[in-house]
Amino acid sequence: MKLAAKLAATVLLGALPSLVLADPKPRSAKPASPQRIAGIYAGKTDIWAEGCGGGIYYAPNQQARAWCGENSESLGAGEWTIDAQGSVCHQLSWYWPNGDQAGKSLGDQTCISHVVDRWGTVWRSWPNDPEWWPLAGKNSGIKKYSGMKKGYKFQSNVLGARSKLGL
């Protein structure tokens, strides 16, 4: 159970961007449309900038897969959704080696809030974080969908861990 808590903490901390300075929520911000957020996340891997050398893949079919290089024999598997206010929520079950079988623990649901400012920049904020991080936009000075990489970047790692765990 301690490993699952460590993995969950690594995921949350690893998701925080390191190369971009955070700001308070833009005054003119409005909730981002679910369609726009789906276009940013679906079919992409959110690379975790801190810590573990991994990330989470948001499949177009609403499946989510996570892997962390620090715990390379473990993986997270679950689903993701977008609510009407543009928040992306995912809940993962974490699997790790536990003797002859895989250990499993359901992680907490995590929701990332998104807003759009008057210039069209999408901002996101993690749970219990007062800071907002620019994600994408024409005038943000950030490459399109910063931190999001097209495709399933850790697929071979997830498949390897899954095979070792007998899943």
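The coordinates are above.
Residues numbered from 1 in each chain as written. Predicted model: local features only at pLDDT ≥ 70, side-chain atom pairs only at ≥ 80, totals over all residues. Heavy atoms only, no water.

This part takes up the overall build of the chain. Within the chain one finds three helices and eleven strands. Order of helices (α) and strands (β) in the chain, N terminus to C terminus: α-β-α-β-β-β-β-β-β-β-β-β-β-α. Counting all 167 residues of the chain, 44% fall into the buried class. Of the roughly 9,000 Å² of accessible surface on the chain, a fraction of 51% belongs to carbon and sulfur atoms. (Helix = DSSP H or I, 4+ residues; strand = E, 2+ residues; numbered from the N terminus. Buried < 20%, exposed > 50% of the residue type's maximum accessible area, 1.4 Å probe, protein only. Areas by Shrake-Rupley, 256 points an atom, 1.4 Å probe, with all protein chains shown as cover.)

All right, on to the nonpolar core then. With 22 residues, the main nonpolar core has Ile 37, Ile 40, Tyr 41, Ile 56 and Tyr 58 as its most contacted residues. Those elements that place two or more of their residues in this core are α2 (34-41), β3 (55-58), β4 (63-67), β6 (88-98), β8 (110-116) and β10 (133-136). Each residue touching Ile 56, except ones within four places of it in the same chain, is listed here: Lys 44, Thr 45, Asp 46, Trp 48, Ala 64, Arg 65, Ala 66, His 90 and Leu 92. In this structure, Leu 75, Ala 77, Ala 161 and Leu 165 belong to the second largest nonpolar core, which totals eight residues. (Core = buried A, V, L, I, M, F, W, Y, C linked by side-chain atoms within 4.5 Å. Contact = heavy atoms within 4.5 Å.)

Once that is clear, we can look at the state of the cysteines. Counted by the stated rule, this structure contains one disulfide. Each disulfide pairs two cysteine sulfurs, and for Cys 89 the partner residue is Cys 111, the sulfurs being separated by 2.1 Å. Judged by the torsion about the S-S bond (115°), the Cys 89/Cys 111 disulfide is right-handed. Linking Cys 89 in strand β6 with Cys 111 in strand β8, this pair joins segments that are 22 residues apart in sequence. Classification of Cys 111 as partly exposed rests on a relative accessible area of 27%. (Disulfide = S-S within 2.5 Å.)

Before going further, it helps to examine helix α3 (residues 155-165). Here α3 has its buried residues at Val 158, Ala 161 and Leu 165. Along the axis of α3, the buried positions cluster into a sector of 65°, meaning they face one direction only. Exposed residues on α3 whose side chains face more than 90 degrees from its buried face are Ser 156, Ser 163 and Lys 164. The inward-facing, buried residues of α3 contact β4, β5 (75-82), β6 and β7 (101-106). Looking one or two residues past α3, Gly 166 carries a phi angle of roughly 75°, positive in sign. (Arc of directions from axis to C-beta.)

Counting through the fold element by element, Trp 126 comes out in the loop between β9 (122-125) and β10. In this structure, the C-alpha to C-alpha distance between Trp 126 and Ser 113, residues 13 residues apart in sequence, is 6.5 Å.

With that out of the way, let us pick up the pairing of β9. Because side chains alternate across β9, one face comprises the buried residues Val 122 and Arg 124, and the other comprises Trp 123 and Ser 125, equally buried. Summarising the sheet, β8 and β9 pair through four bridges and their orientation is antiparallel. Across the sheet, Val 116 pairs through a bridge with Val 122, a residue of β9. Where β8 folds back on β9, the antiparallel hairpin that results is connected by five residues, among which Gly 120 adopts a positive phi of roughly 95°. (Pairing = 2+ DSSP bridges.)

Positive phi outside glycine occurs at Gln 62, with the angle close to 75°. Residue placement: Gln 62 occurs in the loop between β3 and β4.

Aromatic ring pairs are described here by two measures, namely the spacing of the ring centres and the angle between the planes. The tally for this structure, following the rule as stated, stands at five aromatic pairs. Ring geometry for Tyr 57 and Tyr 152: centres 4.3 Å apart, planes at 5°, overall stacked. Within this pair, whereas Tyr 57 is found in strand β3, its partner Tyr 152 is found in the loop between β11 (148-150) and α3, the two being separated by 95 residues in sequence. The exposure class assigned to Tyr 57 is buried, which follows from its relative accessible area of 13%. (Phe/Tyr/Trp six-rings, centres within 6.5 Å; stacked < 30°, edge-to-face > 60°.)

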